[in-house]
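An overview of the molecular structure
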Amino acid sequence: MDKKIAFVGLGNMGAPMAENLVRAGLDLTVYDRVAEAVAKLSAAGAKAAENIGAAVKGAEIVITMLPGDEAVRRVYLGESGVLVHAKTGALLIDCSTINAQTAREVAVAAQERGFRMIDAPVSGGTAGAAAATLTFISGGAAEDIDAARPVLEKMGKKIFRAGESGAGQAAKICNNMLLAVMMIGTSEALNLGAASGLDPKVLSEIMLQSSGRNWVLEVYNPVSGVMENVPAARGYTGGFGTDLMVKDLGIAMETAETTEAATPLGAYALDLYRRHSAAGNGTLDFSSILKLIESQKLARLG
Ligand code: NAD
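Every chain is numbered on its own, with residues counted from 1 as its sequence reads. A pLDDT threshold of at least 70 governs which residues receive local features in this predicted model, and a stricter bar of 80 or more applies before side-chain atom pairs are shown or counted, although totals over entire chains, interfaces and linings include all residues. With hydrogens and water set aside, each side-chain value is computed from the structure's full complement of heavy atoms.

A word on the pattern of salt bridges. Each reported salt bridge corresponds to a side-chain nitrogen of Lys or Arg within 4 Å of a carboxyl oxygen of Asp or Glu. According to the stated counting rule, one finds 11 salt bridges in the structure shown. A salt bridge links arginine 73 to glutamate 105; the nearest nitrogen and oxygen atoms lie 3.0 Å apart. Taken together, the residues arginine 73 in helix 4 (residues 69–77) and glutamate 105 in helix 6 (residues 100–112) connect sequence positions 32 residues apart. For arginine 149, the salt bridge is made with aspartate 146, and the minimal N-O distance between the two is 2.9 Å. Residue arginine 149 and its partner aspartate 146 are located together in helix 8 (residues 142–152), separated by 3 residues, close to a single helical turn. Think of it in three bands: with a 1.4 Å probe and only protein chains considered, a residue is buried below 20% of the maximum accessible area for its type, exposed above 50%, and partly exposed in between. Under the relative-accessibility criterion, aspartate 146 is labelled partly exposed at 44%. The way it works is that DSSP assigns letters per residue, a run of H or I at least four long becomes a helix, a run of E at least two long becomes a strand, and they are numbered from the N terminus.

A few words now on the side chain of aspartate 94. For aspartate 94, the position within the fold is in strand 5 (residues 91–94). Charged-residue counts in this description rest on Lys and Arg as positive and Asp and Glu as negative, His and the chain ends being excluded. Buried within the structure, aspartate 94 lacks any salt-bridge partner; its nearest side chain of opposite charge belongs to lysine 247, at an N-O separation of 9.1 Å. Filtering out sequence-adjacent residues up to four positions away, aspartate 94 remains in contact with Thr64, Val72, Tyr76, Met117, Ile118, Asp119, Ala120, Pro121 and Gln169. In this description, contact between two residues means that some pair of their heavy atoms is separated by no more than 4.5 Å.

Next comes the structure, spelled out in structure tokens:
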């Protein structure tokens, strides 16, 4: 593929995703507001841009991987944003996890100015980003998602179309609410096991072969020393930040309110992750919620 591609947002996820595009030999220009992030990608072979305008100039495909709604609005709709500087007709792919409503608003603004846009949030974590095994959960016109496939396939394995614009975000947020609850449930079980004198490695193996089996036990164990190459093995750094999980659960609760869907465990999970963040753990990986559970006694957790 000889298309000119721009990539904006080179954080824990964006950097390894962009690296995979460079490795695949694509013509890539990158930008992040953090200069060191741009320098790192430039050393890996990407062209460095000094602002969004320079990054997207002449690009046929623009990919963004930003923290949340505010950043996505600013990068696309801002005075010096993508919609002002990108070439008309370009395919815009937002991989950030944001509110479906925001995704639809930005996509409508993009379409009004002659762009094609899809939402394509991802699942698979930083390990999936590095290994190019992400799952893309996309929303938008089927032909636009098909047009994005060749480039998404360089960063991931599965590409789902959940429905029209915003549907990718809606599906992603359901998944992450479940993940948040599953991480707390798994941490609780492992903490109860440790309190009962069980070895967390042995208990994890048992539950992996029993009805408690889940993704957290398979690839993201929260207890340090049980698995290699997970955030728990490196002091809960370099993964999916607690504050990002708080953001996603906030979106889930907003969605629950507007749709009147009951989400009692999602609401309690948000409360626990918020407390964990308020105690100074916002930038640590969300699996560090185990520490909150370990530090509390039954009566105090409430
Ligand atoms: P991150 O905070 O590590 O990276 C975000 C990057 O965006 C940063 O480098 C930041 O400097 C850059 N940025 C922010 N505003 C910008 C602006 N206006 N212009 C240019 N750059 C800007 O976050 P992350 O962990 O890479 O996550 C990115 C998105 O992917 C989030 O929406 C998150 O919810 C989602 N996500 C993360 C994971 C994970 O495991 N980390 C997994 C799935 C989905």
